Amino acid sequence: WAGVERAMGNLAAAPPAPTFAAGATLWSPTAASSAEPTPAAPHLGAAAAAALRRVPCPLGTSRAAPPTAASSAAAERGGGLAFGPAAGVLAGSALAACGGGRARRRRGVSGQARAAAGAEVQEKKAAGKRGRRKESAAEPAAEAEAEAPPAPVQEAAAAAVVDEVVKPLWAKGLSPVWAPFGPPAPHRRYESAEEHRTYAGVIRPRPDGGGVEEVAAEDPDLAKFHEELQRCVEGTDAPKAAQLIEEMWKKKEPTPKSYKLAIAACDRAGDEVRAALLREDMREIGAFREATRFHMAPAVMWNRQVRRVGCGVRNTVEWPGKRWQDGEPLPVPERPGDCWLIPSQDPAAVQVARYQHHLRHLGWKVLTCHADVIERLRNKAVLMQWFQDNGLGEFTPASYSVPSKAKFPCIIKPAMGTYGRDTAVAYSAEEVLRTACRNDIYAVESKIQHEIDYYSRYNKNGKDEEEENWSETMAKIDKAILEWCEEKQHEELGDKWVLQELVPGQYEFSTTLLVFQGEILDVAATRYQYGAEVYVWPRVELLKWEYVAVPKAHMDIFRKAVVGFSGILNFNYKLRKDGNICIFEANPRVGGDLAFDIPKPRVRAMLEKMDALFC
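Let us look at the structure shown here. (Residues numbered from 1 in each chain as written. Predicted model: local features only at pLDDT ≥ 70, side-chain atom pairs only at ≥ 80, totals over all residues. Heavy atoms only, no water.)

A word on the overall build of the protein chain
So, step 1. In terms of regular secondary structure, the protein chain is built from 23 helices and 18 strands.
So, step 2. Here the protein chain holds 615 residues, and the buried ones make up 47% of them.
So, step 3. Of the contacts formed within the protein chain by residues at least 6 apart in sequence, a portion of 65% connects residues at least 24 apart.
So, step 4. When the accessible surface of the protein chain is summed, it comes to about 31300 Å², and 53% of that surface belongs to carbon and sulfur atoms. (Helix = DSSP H or I, 4+ residues; strand = E, 2+ residues; numbered from the N terminus. Buried < 20%, exposed > 50% of the residue type's maximum accessible area, 1.4 Å probe, protein only. Contact = heavy atoms within 4.5 Å. Areas by Shrake-Rupley, 256 points an atom, 1.4 Å probe, with all protein chains shown as cover.)

In structure tokens form, the structure reads like this:
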């Protein structure tokens, strides 16, 4: 069953088939007193009912022992039977498997069947050992022969279910349910055999008799958005409809209904571009919610992009938050044992490595290493020093610890930071200090300002003096800062900042690697072209990006740099004029290139490989 679920999860592009109510999957709870079971869903049609009637009943019920009230209640508490995306073959396999002994061992049999089994046990005790051995050898074979349906019967049942239930639902654009991956159906007693509740709502026959329909229990927040989208359709307001979809992704994940309304608004307004983008978005995300198999944490507004990967990826877990501290509760997966926790920020990568055993105990799948390796890779100053110590310094920019000895222009940036925060191009030692020593500069400014204020108020025997001209005040402050910088530029910056050589060029590369214990298992690279030779991302225009191959010489350098690491990481680098690689930094977590720029099928292949190798 684990293999079946994994196969079903891999077919995310195929919509899942409906889930039928437990205990009433093939047989009606209201017909417990009937000698012959009655199909619980009349809308299955005659062909499906006839085929299913010859297939063993799920959940331990049988033709000889119709479900009693007790067994129906127990079945109702137990959850439902689902047919997966591989509709024809898998539906027949699920019917046969659920009717076999494995399901009965797991769920138990009905009361009448247990009573009959008890009587048989008493008879066997009364008989001799020899007789018991003969009966024990003969009964399993007879039971298997009686209950195992021939292959044509299974195929007929599966085909009937697919033709008369699954395909009509897909044709009508309905979203029946995504079990067995999702939560079980809410506990309730079914009012009739024609209606049963799923996680998404209620599937019931249409009033006009034309197939079935799903009545979903809509979220109140989504309902408000849908009302706004409906007004956009009526008012042909395409820009607002697209904006509402953007806002929904920030608060609530849009549903297929949300996209249909937004597309309808764009079509009525004649906005073909927005309509095409929304259709492409919906095509990649899919009309059905699949199980969450990969959680990228913490949430950094990537959910819309990673959902388009198509294998159950989400970015909604808020752990570890900015205020999270050691000792606070760790996140708990919705489906323990079947969901990956992948860091999307450097602090999260450290916490996953530090608490990896606790996270696995809670049910998360994690691929990580020792926290010291993560710290070495995320700290730009430590990483540059590590490259120098291990004979790889020629593949990194020249670093300067003392501003006065740097060759300008340079790049000044924090040793630990993301998204270009506090990073700048410096053309002098003063600019370096103004960026790296902001607090000290502010202290100098405050000191001069306080001296001027004091002098203006209490000079000349305590009499107030007219305020000095503003330009004179600023001149005094600038002079004090320059004097301070002239002294400070000969001191080391410390380990919190990195002063690097500026490598000009429009092209920059980002390579993402899947690594296990220093061995590279997969690679995906992106080349970006920017609108300037000297820049700091993201304060530059992006002209284009493309998916590219990685030369063997670069792979050899990466292989030396990831020693001891396990997980997903990416390197940012440029190429010098002589063609040598120049690595700026490493990010021991999923990068924005994987979420936004690498082709979605390629991302899906990398994640599926990780899941297959370390399941």
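Details of the sheet that holds strand β6 (residues 294-297)
So, step 1. On the basis of which strands lie adjacent, the open sheet formed by four strands has the order β7-β6-β8-β9 and parallel pairing. Each of the sheet's edge strands pairs with one partner strand only, and the pair in question is β7 (313-314) and β9 (364-365).
So, step 2. Direction of pairing for β6 relative to strand β8 (residues 339-343): parallel, over a ladder of four bridges. By the bridge assignment for β8, His-295 is matched with Leu-341. (Pairing = 2+ DSSP bridges.)

Concerning the environment of Gly-518
So, step 1. One can find Gly-518 in the loop between β14 (507-516) and β15 (519-530).
So, step 2. Placed 45 residues apart in sequence, Gly-518 and Val-563 show a C-alpha to C-alpha distance of 4.3 Å.
So, step 3. Setting aside residues no more than four positions away along its own chain, Gly-518 makes contact with Arg-559, Val-562, Val-563, Gly-564 and Phe-565.

Examining the sheet that holds strand β10 (residues 399-400)
So, step 1. Taken in spatial order, the four strands of this open sheet run β10-β13-β11-β12, and their pairing is antiparallel. In this open sheet, the two edge strands, each paired with only one partner strand, are β10 and β12 (424-426).

Notes on unusual backbone geometry
So, step 1. Look at the link from Trp-319 to Pro-320: it is a cis peptide, with omega at -15 degrees.
So, step 2. Here Pro-320 shows up in the loop between β7 and β8.
So, step 3. Looking along the chain, the bond that leaves Phe-408 and enters Pro-409 is cis, with omega of 5 degrees.
So, step 4. With respect to the helices and strands, Pro-409 occurs in the loop between β10 and β11 (410-414).
So, step 5. Positive phi outside glycine occurs at Thr-236, with the angle close to 50 degrees.
So, step 6. Of note, Thr-236 is situated in the loop between α9 (220-235) and α10 (238-251).
So, step 7. Judged by its relative accessible area of 35%, Thr-236 is partly exposed.
So, step 8. At Met-301, a position not held by glycine, the phi torsion is positive, near 65 degrees.

Considerations on the packing of helix α18 (residues 429-436) against helix α20 (residues 470-488)
So, step 1. In contact at an axis separation of 10 Å, α18 and α20 are set at 100 degrees when each is read in the N-to-C sense. The angle between α18 and α20 places the two elements in the roughly perpendicular class. Touching Glu-430, Leu-433 and Arg-434 of α18 are Ile-481, Leu-482, Trp-484, Cys-485 and Lys-488, all from α20. (Axes fitted to C-alpha atoms, helices over the stretch in contact; angles between N-to-C directions. Parallel < 35°, antiparallel > 145°, perpendicular 65-115°, else oblique.)

A short note on the pairing of strand β18 (residues 581-587)
So, step 1. With seven of its seven residues buried, β18 lies for the most part within the structure.
So, step 2. With six bridges joining them, strand β17 (residues 567-575) and β18 adopt antiparallel strand pairing. Bridge pairing links Asn-572 to Glu-585 in β18.
So, step 3. Counted between consecutive antiparallel strands, the loop separating β17 from β18 contains five residues, among which Gly-579 sits at a positive phi close to 95 degrees.

Concerning the packing of aromatic side chains
So, step 1. The full count for this structure, using the stated rule, is eleven aromatic pairs.
So, step 2. Between Tyr-419 and Trp-537, the ring centres sit 6.4 Å apart and the planes meet at 40 degrees, which makes this aromatic pair tilted. Placement of the pair is Tyr-419 in the loop between β11 and β12 and Trp-537 in the loop between β15 and β16 (542-548), with a sequence separation of 118 residues.
So, step 3. Owing to a relative accessible area of 36%, Tyr-419 belongs among the partly exposed residues under this scheme.
So, step 4. Here the aromatic rings of Phe-509 and Tyr-573 are separated by 5.5 Å at their centres, their planes lie at 10 degrees, and the arrangement is stacked. Of the two residues, Phe-509 sits in strand β14 while Tyr-573 sits in strand β17, which places them 64 residues apart along the sequence.
So, step 5. For Phe-509, a relative accessible area of 12% gives the class buried.
So, step 6. Each member of the aromatic cluster is reached from another via a ring pair, and the members are Phe-509, Phe-558, Phe-571 and Tyr-573.
So, step 7. A cation over a ring is seen here: Arg-376 above Trp-386, with NZ or CZ 4.5 Å from the ring centre. (Phe/Tyr/Trp six-rings, centres within 6.5 Å; stacked < 30°, edge-to-face > 60°. Lys NZ or Arg CZ within 6 Å of the ring centre and 35° of its normal.)

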